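Listed below, chain by chain, are the residues.
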Amino acid sequence: MERNRQRSPVSTQQRHELSLIQSANPPKENSSNVLLDYSKFRGDAFMAIRFIFECGMKLDAQPMTISTAAMLLHKFRTASTDQKEYDIYLIAAASIYLAGKIESQLIKIRDVINVTRATLHRNSLPLELGDSYWAVRESIVQAELLVIRVLKFDVTIYHPQKFLVHYLKTLEEWMGVEEWTKIPVARTSWAFVQDFHHDSSIINYPPQAVAVAAIELAMSAFGCTVPLCTPEGKNSWQMVS
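First, a word on what this report is: a plain description of the structure on this page. (Residues numbered from 1 in each chain as written. Predicted model: local features only at pLDDT ≥ 70, side-chain atom pairs only at ≥ 80, totals over all residues. Heavy atoms only, no water.)

**Some details on the overall build of the protein**
Then, in step 1: What the protein contains, in helices and strands, is 12 helices and 0 strands.
Then, in step 2: Walking the protein from its N terminus toward its C terminus, one meets helices and strands in the order α-α-α-α-α-α-α-α-α-α-α-α.
Then, in step 3: Per-residue burial for the protein yields a buried fraction of 42% across its 241 residues.
Then, in step 4: Long-range pairs, those at least 24 residues apart, make up 75% of the contacts in the protein with a sequence separation of at least 6. (Helix = DSSP H or I, 4+ residues; strand = E, 2+ residues; numbered from the N terminus. Buried < 20%, exposed > 50% of the residue type's maximum accessible area, 1.4 Å probe, protein only. Contact = heavy atoms within 4.5 Å.)

**So, the packing of aromatic side chains**
Then, in step 1: Tallied over the entire structure, the rule returns 4 aromatic pairs.
Then, in step 2: Here Tyr-133 and Trp-134 contribute two aromatic rings whose centre-to-centre distance is 5.1 Å and whose plane-to-plane angle is 75°, an arrangement assigned as edge-to-face.
Then, in step 3: Exposure remark for Tyr-133: the relative accessible area of 3% places this residue in the buried category.
Then, in step 4: Classification of Trp-134 as partly exposed rests on a relative accessible area of 49%. (Phe/Tyr/Trp six-rings, centres within 6.5 Å; stacked < 30°, edge-to-face > 60°.)

**Points about the nonpolar core**
Then, in step 1: Membership of the largest hydrophobic core comes to 44 residues, with the highest contact counts inside it found for Ile-52, Tyr-89 and Ile-140.
Then, in step 2: Every element with two or more residues in this core is listed here: helix H3 (45-58), helix H4 (63-79), helix H5 (88-102), helix H6 (109-120) and helix H7 (131-150).
Then, in step 3: Top element by residues in this core is H5. It accounts for 10 residues.
Then, in step 4: Non-local contacts of Ile-52, meaning those with residues more than four positions away in its chain, are made with Ile-66, Ala-69, Ala-70, Leu-73, Ala-92 and Ile-96.
Then, in step 5: Counting residues in hydrophobic clusters, the runner-up holds 17 residues, among them Trp-180, Val-210, Ile-215 and Met-219. (Core = buried A, V, L, I, M, F, W, Y, C linked by side-chain atoms within 4.5 Å.)

**What about the environment of Val-136?**
Then, in step 1: Inspection of the secondary structure assignment puts Val-136 in helix H7.
Then, in step 2: Remark: the alpha-carbon pair of Val-136 and Arg-117, spanning 19 residues in sequence, is separated by 9.5 Å.

**Considerations on the packing of helix H8 (residues 160-175) against helix H11 (residues 207-221)**
Then, in step 1: Here H8 crosses H11 at 45°, and the two axes come no closer than 8 Å. With respect to each other, H8 and H11 are oriented oblique. When the axes of H8 and H11 are compared, the crossing they make is right-handed. Counting all contacts with H8, which are made through Pro-160, Phe-163, Leu-164, Tyr-167, Leu-168, Leu-171 and Met-175, the residues of H11 involved are Pro-207, Gln-208, Val-210, Ala-211, Val-212, Ile-215 and Met-219.
Then, in step 2: Along the lines of polarity and charge, the residues of the contact of H8 with H11 split into 13 nonpolar, 1 polar and no charged. (Axes fitted to C-alpha atoms, helices over the stretch in contact; angles between N-to-C directions. Parallel < 35°, antiparallel > 145°, perpendicular 65-115°, else oblique. Left-handed = near helix turned anticlockwise from the far one by under 90°. Nonpolar A, V, L, I, M, F, W, Y, C, P; charged D, E, K, R; others polar.)

**Structural notes on the environment of Thr-65**
Then, in step 1: Here Thr-65 lies in helix H4.
Then, in step 2: According to the relative accessible area criterion, Thr-65 is buried, its value standing at 2%.
Then, in step 3: For the pair Thr-65 and Ile-102, spaced 37 residues apart in sequence, the C-alpha to C-alpha distance is 7.9 Å.
Then, in step 4: With residues up to four places along the chain from it excluded, the contact list for Thr-65 reads Ala-99, Gly-100, Glu-103, Gln-105 and Ile-107.

Structure (structure tokens):
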């Protein structure tokens, strides 16, 4: 007689969690040379921001949500007087979770736990609903409250990307679509702004200035100028702003 073995059904939530873990740990043959061991960089703000960007992309977070999380971490570190007392990756995880609320993007805390844990501890499996899971969950919730208190409940973020899009649209109309598409100024300036989030000094400048500086740098890199702008007259960044 043949015995029919029944497999335990896999819930939709379990499949979702496994897919998140797989995205957090891609096949070694394709990406082993780019996977970082974040545990070796405890206290490194640059690596913490890279951690936020990596986890944010795996969570399908919107660019503004990821940027908000990065800015929250920078503001927290600037306002906090006891940085060494906190686990920077725990604060990063809490910043991602809080950023989702600020930007009105639903990011489940269970997904934050699974992705951040799998990114920090490569090849780890999702936590079961037990004491360990609830302890991690409570830590993130308390860290979120800590961030809010340290920032004195001022979690409003003004993004340079919003000004960047407006300025780029103005330049596109000014220069003409045909000329504009020849040079990747928009994509390059956007990349400059995103990369600038790795430096805490981004919170020291007005978002308008960051956006204009990124455009100016991109145009300088490709050696292009705005029509009707001469060295004797106004520069392109002055005309845009």
